[in-house]
Amino acid sequence: MKFSGKNVLITGASRGIGAVIASVLADYGLKVWINYRNDPAGADELKASIENAGKCAAVIKFDASNESEFSQAVSAIIQCDGELSYLVNNAGITNDKLALRMKLEDFSSVINANLNSAFLGCREALKAMSKARFGAVVNIASIVGEMGNAGQANYSASKGGMIAMSKSFAKEGAGRGVRFNCVTPGFIKTAMTNNLSDEIKEQYAKNIPLARFGEANEVAQAVAFLLSDYASYITGEVLKVNGGLYM
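Quick caveat: nothing in here was measured; it's all calculated off a predicted structure.

This part is about the environment of Gly54. Its location among the elements puts Gly54 in the loop between α2 (40-52) and β3 (57-61). C-alpha of Gly54 to C-alpha of Arg176: the two residues are 122 residues apart in sequence and 34 Å apart in space.

Written out as structure tokens, the structure is:
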């Protein structure tokens, strides 16, 4: 991959798909800023792993759903590096239950953690990147934001909203040289899916044309492409990484 920028901030990067995205982008030569909220050990371990491989990383703690903390974090990165070239909005939570049993608090908490945080990131990135007339943002949405899912009305709404929001930011950012895109992962091998029984995994896999769960690295490579110069004429798009489950 070819990158004209020098650094990237990944929210929720101390573990899971976010950590893999950080490692992949570091391998491509970017300085990665590893954001965490309550997992300092995971963030430090990832930083050490990246630096041991001869790459560059830094750790930054903030709550991505907190307006002032996100703004201050972006300012701190720019003060340190002189720029913020790329952003990956990856932070998020789930709180699954059937809609009939879902309280407003259950719904709002997921919207706040997933969609509000992505809005704050997109807004602060657009402010910073507009000055340089260059930058790219990738929002990690989800297949359920496109097709819905029983028991995930809150999560589906947050990810569907993220997709629509990204298109709006893409239109606002285009004249400033800032691109906004989404990646929508399907069933990906993570700590969460690893807890599923083999029987359930096989049942899910039967509905996937490629007949398997995806790897976190496959999501990370899609993110890298959308951030890279190879995607310089792509904005407002949704790149599906779901094995053909939803086309």
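Turning to the pattern of salt bridges, a few remarks are in order. All chains considered together, the criterion is met by ten salt bridges. For the salt bridge of Asp229 with Lys2, the shortest nitrogen-to-oxygen distance reads 3.0 Å. Here Lys2 lies in the segment before β1 (7-10) and Asp229 lies in the loop between α9 (216-227) and β7 (238-241), a separation of 227 residues in the sequence. Note that Lys189 and Glu215 form a salt bridge whose closest N and O atoms lie 3.0 Å from each other. Highlighted residues: Lys189 in the loop between β6 (178-185) and α7 (191-194) and Glu215 in the loop between α8 (198-206) and α9, separated in sequence by 26 residues. In the salt-bridge network here, residues are joined through shared partners; they are Glu67, Arg123, Glu124 and Lys127.

The subject of this paragraph is the UniProt feature "binding site: NADP(+)" (unreviewed entry) in the protein chain. As annotated in UniProt, the feature "binding site: NADP(+)" (unreviewed entry) corresponds to Gly12, Ala13, Ser14, Arg15, Asn90, Tyr155, Ser156, Ala157, Ser158, Lys159 and Ile188 in the numbering used here. For this annotated set, covering 177 residues, the C-alpha atoms extend up to 24.7 Å from each other, a dispersed arrangement in space. Inspection of the secondary structure puts Ala13 in the loop between β1 and α1 (16-27). With a relative accessible area of 0%, Ala13 lands in the buried category. Apart from the residues lying within four places of it in its own chain, the contact partners of Ala13 are Gly18, Ala19, Ile34, Asn35 and Leu46. With respect to the helices and strands, Ile188 occurs in the loop between β6 and α7. On the basis of relative accessible area, Ile188 is assigned to the buried category, the value being 5%. Residue contacts for Ile188: discarding those within four places in its chain leaves Ile17, Thr193, Gly214, Glu215, Ala216, Val219 and Val241.

Rules of the game
- Residues numbered from 1 in each chain as written.
- Predicted model: local features only at pLDDT ≥ 70, side-chain atom pairs only at ≥ 80, totals over all residues.
- Heavy atoms only, no water.
- Helix = DSSP H or I, 4+ residues; strand = E, 2+ residues; numbered from the N terminus.
- Salt bridge = Lys/Arg side-chain N within 4 Å of Asp/Glu carboxyl O.
- UniProt positions renumbered as here; feature names shortened; annotations may be inferred.
- Buried < 20%, exposed > 50% of the residue type's maximum accessible area, 1.4 Å probe, protein only.
- Contact = heavy atoms within 4.5 Å.

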